[in-house]
Amino acid sequence: MVIGIAAAMAVTQPETVPELVLAAGGGAFGALISDIDVGTSGSHRDADKIVMLSAVVLLAVLALDCFFHTGVIEQVVRNSGYGRIIAGILLFICICAFGKEQPHRSFMHSFLALALLCFAIGLVWEKAVVSFAAGFLSHLATDVCNKKKVRFLYPLKGGVSLGLFHAYGLANQVFFMAGCAAAALEMGLFAVRIFRR
C-alpha cells in the first residue's frame, strides 16, 4: 500500500490538498485491490483483510473530504453524474468478484484487469485513473520479484518471475520501509510545493 501511495504521488505530483488525497487514496486502493485474489490460494483471511483495507482507504478519502472540504465528492458527482457512478461501481464490483475467484497472481495481476478496472474507475471519476493505475502497477512490479509467476498477459498461460524471494519474508519488510521512505519524501516535496506559493 505504501509503495502504491509513493508511486501515485511520484507520477501525479499533487499540487493541492484534493490532489494529494486523490493520489494517496487512488494509489493505496490500486496497490491493494489486485490481492483480492489471495483467497483462492488458501488464505481467505488475507483476502478479507484486502477488502477491509480497501474499504478503509475509501472511507478515509471520504472522511478527508468531509473534514477538509476538499470537494472530491462534489467533483465526482458533478463530472460523472449518478448514472455513470453507479455503472462504474457495479462494473468494478463485478470485475473484483470474478478476480477473487481466479488463482492468485493471475487475472487480478494482469494488464487485462488493470484496463478493465481503470475503465470502471474512469466511469466514476476520470481523474482517479492515473493514481489507481500507478498503485496497481507498483504492486505488479513488486510481485514480479517473488518466486511465484505473475500472469501479466492473462488469459495466456505462463508468467514472469524474477525469483528473488518468497512472499511474507524479509523482502516484505524491506519493501515496506522503502515505500514508507518514498512516501515520506513525496509528502515532503508536496509540503515544499505548497509553502512556495
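All values derive from a computational prediction rather than experimental measurement. All residue numbers refer to positions counted from 1 along the written sequence of the respective chain. Under the rules for a predicted model, residues below a pLDDT of 70 receive no local features and side-chain atom pairs below 80 are neither given nor counted, while totals for whole chains, interfaces and linings still include all residues. Where side-chain values are given, they derive from all heavy atoms of the structure, hydrogens and water being excluded.

**Q** Which parts of the structure should I look at to understand the overall build of the protein?
**A** Each helix and strand in the protein was counted, giving seven helices and zero strands. The secondary structure listing takes helices from DSSP runs of H or I that are at least 4 residues long and strands from runs of E that are at least 2 residues long, numbered from the N terminus. When the helices and strands of the protein are listed from N to C terminus, the series reads α-α-α-α-α-α-α. Buried means the residue's accessible area, taken with a 1.4 Å probe over protein chains only, is under 20% of the maximum for its type, while exposed means over 50%, and partly exposed covers the values in between. The proportion of buried residues among the 197 residues of the protein is 46%. In short, Shrake-Rupley with a 1.4 Å probe defines the accessible areas, and a residue's cover is counted only from the protein chains shown. Carbon and sulfur atoms make up 73% of the accessible area of the protein, which totals about 10500 Å².

**Q** Hey, could you run me through the nonpolar core in this one?
**A** Note on soluble globular proteins: their nonpolar side chains tend to be buried together. With 31 residues, the main nonpolar core has I33, F92, C96, M108, L117, F132 and F136 as its most contacted residues. Elements with a contribution of two residues or more to this core: helix 2 (17–33), helix 4 (72–100), helix 5 (111–124) and helix 6 (128–143). What F132 contacts, discounting residues up to four positions off in sequence, is G26, G27, F29, G30, I33, F92, L117, C118 and I121. Residues enter a nonpolar core if they are buried and are Ala, Val, Leu, Ile, Met, Phe, Trp, Tyr or Cys, with the set joined through side-chain atoms within 4.5 Å. Note on contacts: a residue pair qualifies if any of its non-hydrogen atoms lie within 4.5 Å across the two residues.

**Q** What's the story with the environment of L117 in this structure? I'm lost.
**A** Looking at the element boundaries, L117 is found in helix 5. A C-alpha to C-alpha distance of 9.8 Å links L117 and F136, two positions 19 residues apart in sequence. The contacts of L117, once residues within four sequence positions are left out, are I33, F92, I95, C96, M108, F132 and F136.

**Q** Explanation requested: the side chain of Q102 in the structure shown.
**A** Mapped onto the elements, Q102 comes out in the loop between helix 4 and helix 5. Two N or O atoms count as a polar contact when they lie within 3.5 Å, although within protein this holds only if one can serve as hydrogen donor and the other as acceptor, and sequence-adjacent residues are included solely when both atoms are side-chain atoms. Side-chain polar atoms of Q102 contact the backbone oxygen of F98, separated by 3.4 Å.

**Q** What is the right way to look at helix 7 (residues 170–195) in this model?
**A** Note on helix geometry: an α-helix contains 3.6 residues per turn, so any two residues three or four positions apart are oriented the same way. Spanning 26 residues, helix 7 covers 38 Å between terminal C-alpha atoms, matching the ideal 38 Å at 1.5 Å per step. Taken residue by residue, helix 7 has A171, G179, A183, E186, F190 and R193 as its buried positions. Its buried side turned inward, helix 7 meets helix 1 (2–12) and helix 2. Expected helix span is given by 1.5 Å per residue-to-residue step, counting one fewer step than there are residues.

**Q** Hey, could you run me through the environment of D37 in this one?
**A** Within the secondary structure, D37 sits in the loop between helix 2 and helix 3 (44–68). In this structure D37 comes out as buried when scored by relative accessible area, which is 0%. C-alpha of D37 to C-alpha of H109: the two residues are 72 residues apart in sequence and 8.9 Å apart in space. Those residues in contact with D37, other than ones at most four positions away along the chain, are G99, K100, Q102, P103, H104, R105, S106, M108 and H109. Within the structure, the side chain of D37 is placed 2.6 Å from the side chain of H104, a separation counted as a polar contact.

**Q** What am I meant to see in the confidence of the model for the protein here?
**A** Where the model shows low pLDDT, its predicted coordinates should not be examined in detail. Taken as a whole, the protein shows an average pLDDT of 82; of its residues, 86% reach a score of 70 or greater. pLDDT expresses how confident the predictor is about each individual residue, on a scale running from 0 to 100. Within the protein, the lowest mean pLDDT, 67, falls on helix 3, and the highest, 95, falls on helix 5.

**Q** Just checking my understanding: could you explain the side chain of R151 for this structure?
**A** The residue R151 is located in the loop between helix 6 and helix 7 in this model. In summary, the charge assignment counts Lys and Arg as positive and Asp and Glu as negative, without counting His or the chain termini. A pairing counts as a salt bridge when a side-chain nitrogen of Lys or Arg comes within 4 Å of a carboxyl oxygen of Asp or Glu. Look at R151: it is buried, it has no salt bridge, and the nearest opposite charge is D37 at 9.4 Å. Polar side-chain contacts of R151 include one of 3.1 Å to the backbone oxygen of L156. What R151 contacts, discounting residues up to four positions off in sequence, is R105, S106, H109, S110, L156, K157, G158 and G159.

**Q** So what exactly am I meant to see when it comes to the packing of helix 1 against helix 7 here?
**A** In helix packing, the relevant descriptors are the interaxial angle and the interaxial distance, both defined with respect to the helix axes. Here an angle of 0 to 180 degrees is reported between the N-to-C directions of two axes, which are lines fitted to C-alpha atoms, with helices fitted over the stretch in contact. With their axes 8 Å apart at the nearest point, helix 1 and helix 7 run at an angle of 35° to one another. The hand of the helix 1/helix 7 crossing is left-handed. Residues V2, I3, I5, A6, M9 and A10 of helix 1 touch helix 7, and the partners they reach there are F175, F176, G179, C180, A182, A183, E186 and M187. Residues are grouped as follows: Ala, Val, Leu, Ile, Met, Phe, Trp, Tyr, Cys and Pro are nonpolar; Asp, Glu, Lys and Arg are charged; every other residue, Gly included, is polar. Considered class by class, the residues forming the contact of helix 1 with helix 7 number twelve nonpolar, one polar and one charged. Each crossing gets its handedness from the near helix: less than a right angle anticlockwise from the far helix is left-handed, clockwise is right-handed.

**Q** What's the story with the packing of aromatic side chains in this structure? I'm lost.
**A** Two aromatic rings are characterised by how far apart their centres lie and by the angle between their planes. Planes of paired rings set the category: under 30 degrees apart is stacked, over 60 is edge-to-face and the rest tilted, where pairs are Phe, Tyr or Trp rings (Trp by its six-membered ring) whose centres lie within 6.5 Å. Applying the stated rule across the entire model yields seven aromatic pairs. Taking the centre distance of 6.1 Å and the plane angle of 75° together, the rings of F92 and F132 count as edge-to-face. One end of the pair, F92, is in helix 4; the other, F132, is in helix 6, and 40 residues separate them in sequence. Look at F98 and F107: their rings are 4.9 Å apart centre to centre, the planes differ by 80°, and that puts the pair in the edge-to-face class. Grouped by ring-pair contacts, the aromatic residues F29, F92, F132 and F136 constitute a single cluster.

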